[in-house]
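Given next are the chains, with one letter for each unit.
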Amino acid sequence: MTDFTFLEPGADGAAAAFLENGYILQSAENGDALEAIRNRAAELAAEALGIDAPNDTGAFLNGFHEHVSVDELNRVRLAVIEGLNAEPWIRAAYFATARSAIFSVVGNELAMQRRVNLSIQLPDDQSSILPVHADVWSGDSPYEIVLWVPLVDCYKTKSMYLMPPNKDRAVQGNMGEDFKGSSEEDLFDAIKEDVEWMNVPYGHVLVFSQTLMHGNRANEESETRWSMNCRFKSLFSPYADKRLGEFFEPITMRAATEMALAYDLPKGFDNE
Ligand SMILES: O=C(O)CCC(=O)C(=O)O
Ligand SMILES: [Fe+2]
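Model, not experiment: these values are computed from the prediction.

1. Thoughts on the coordination of the iron ion (ligand 2)
Link 1 in the chain: Surrounding the iron ion (ligand 2) are the protein donor atoms His133 (NE2), Asp135 (OD) and His214 (NE2), at 2.1 Å.
Link 2 in the chain: In terms of primary sequence, the donors binding the iron ion (ligand 2) are separated according to H-x1-D-x78-H. One end of the pair, histidine 133, is in the loop between strand S3 (117-121) and strand S4 (145-150); the other, histidine 214, is in strand S8 (residues 214-215), with 81 residues separating them in the sequence. Per residue, the accessibility class of histidine 133 equals that of histidine 214, and both read buried.

2. Concerning helix H4 (residues 70-85)
Link 1 in the chain: The end-to-end C-alpha separation of H4 is 23 Å, in line with the 22 Å expected for 16 residues at 1.5 Å each.
Link 2 in the chain: When we look at burial in H4, the residues that qualify are Leu73, Val76, Val80, Ile81, Gly83, Leu84 and Asn85.

3. Regarding the sheet that holds strand S5 (residues 161-162)
Link 1 in the chain: Pairing in this open sheet of three strands is antiparallel, and the strands run S6-S5-S8 from one edge to the other. In this open sheet, the two strands that pair with only one neighbour each are strand S6 (196-197) and S8.
Link 2 in the chain: The pairing of S5 with S8 spans two bridges and is classified as antiparallel. Its bridge partner being in S8, tyrosine 161 is matched across the sheet by glycine 215.

4. Topic: the site of ligand 1
Link 1 in the chain: Every residue near ligand 1 is listed here: Leu130, His133, Asp135, Val146, Trp148, Met160, Phe208, His214, Asn216, Arg225, Asn229 and Arg231.
Link 2 in the chain: Here an oxygen atom of ligand 1 and a side-chain polar atom of histidine 214 are 3.1 Å apart.
Link 3 in the chain: A distance of 2.7 Å separates an oxygen atom of ligand 1 from a polar side-chain atom of asparagine 216.
Link 4 in the chain: Summarising the interface, the protein chains cover 96% of the accessible area of ligand 1, which totals 290 Å² for the free molecule.
Link 5 in the chain: Looking at the shell around ligand 1 residue by residue, the classes come out as five nonpolar, four polar and three charged.

5. Points about the environment of alanine 15
Link 1 in the chain: Summarising the element assignment, alanine 15 is placed in helix H1 (residues 11-21).
Link 2 in the chain: Overall, the relative accessible area of 25% leaves alanine 15 in the partly exposed class.
Link 3 in the chain: For the pair alanine 15 and valine 106, spaced 91 residues apart in the sequence, the C-alpha separation amounts to 9.3 Å.

6. Let's talk about the nonpolar core
Link 1 in the chain: If you look at the biggest cluster of nonpolar residues, it comprises 60 residues, and the most contacted ones within it are Phe64, Tyr94 and Ile102.
Link 2 in the chain: With ten residues, helix H2 (residues 31-49) is the single largest residue contributor to this core.
Link 3 in the chain: In contact with phenylalanine 64, not counting residues within four places along its chain, are Ala45, Leu49, Leu73, Val76, Ile120, Leu122, Thr224 and Trp226.
Link 4 in the chain: Val171, Leu187, Phe188 and Met213 belong to the second largest nonpolar core, which has ten residues in total.

7. Considerations on the pattern of salt bridges
Link 1 in the chain: Per the stated rule, a full pass over the model turns up 15 salt bridges.
Link 2 in the chain: Salt-bridge contacts for arginine 231 lead to aspartate 135; the nearest nitrogen and oxygen are separated by 2.9 Å. In this pair, arginine 231 is assigned in strand S9 (residues 225-234) and aspartate 135 in the loop between S3 and S4, connecting sequence segments 96 residues apart. For the pair formed by arginine 231 and aspartate 135, the shared burial category is buried.

Parameters and conventions
Residues numbered from 1 in each chain as written. Chains lettered and ligands numbered in written order. Predicted model: local features only at pLDDT ≥ 70, side-chain atom pairs only at ≥ 80, totals over all residues. Heavy atoms only, no water. Donors = N, O, S within 2.8 Å, 3.2 Å for Na, K, Ca; no water. Helix = DSSP H or I, 4+ residues; strand = E, 2+ residues; numbered from the N terminus. Buried < 20%, exposed > 50% of the residue type's maximum accessible area, 1.4 Å probe, protein only. Expected span 1.5 Å × (residues − 1). Pairing = 2+ DSSP bridges. Near = heavy atom within 4 Å. Polar contact = N/O pair within 3.5 Å; in protein donor to acceptor, adjacent residues only side chain to side chain. Areas by Shrake-Rupley, 256 points an atom, 1.4 Å probe, with all protein chains shown as cover. Nonpolar A, V, L, I, M, F, W, Y, C, P; charged D, E, K, R; others polar. Core = buried A, V, L, I, M, F, W, Y, C linked by side-chain atoms within 4.5 Å. Contact = heavy atoms within 4.5 Å. Salt bridge = Lys/Arg side-chain N within 4 Å of Asp/Glu carboxyl O.

Right under this line is the structure:
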């Protein structure tokens, strides 16, 4: 037998999909972790509204627009984010939903964003639109990927869109000239036929390259969108504005690295 490979089983397929599509879409690797996150988010949201925790979590989140106005939404969203990030288990649970996929496309010695984010989009809410962007344009390193985890079924405008790599690179390649003096809306108009709307049912997770243009529009579906996002990168890959220790924290440092960081070359030769 001579079919030896360097990468672990499955890594080649994950790499090919990521490079071709700009993302990996798969079932959550740990369903219990996802469920725990979703239940806690719903509990915190109910608490922020002063109502009882729901029996049917999915129905409560999808129907959230019946409980909250656009004006109240940000207060509730911030309370849920605070509450989630205060849970000592939250980041490990979040990572557990896509551990192998992230190991496959990023590496196994990782830094993770210190806080998980939550976005809630009520139907027709114009105020929570995130215009077309790539995170690298505003201080993220191209080595960062986003793990995007919906807490409800996300599809069409209840989801986010992502530009496929080949089309994205063609547009970013001459963006300065082609879009001189243009608005974000002009840019979206130019790419809207080419973007792919991410169809991510609850129970699935998305790992995407934030170097590709992405964003969302007003949610024209009849249900509220709930999704979380958090960034990961290879621990020793270059950092941009989002620094290790401030924005990122090592999560899977290995023993050889720990030993290396603590090592000092032999001392005591000063008097020679
Ligand atoms: O959730 C969205 O609609 C966009 C998310 C995004 O821009 C990001 O996670 O970088
Ligand atoms: Fe983004």
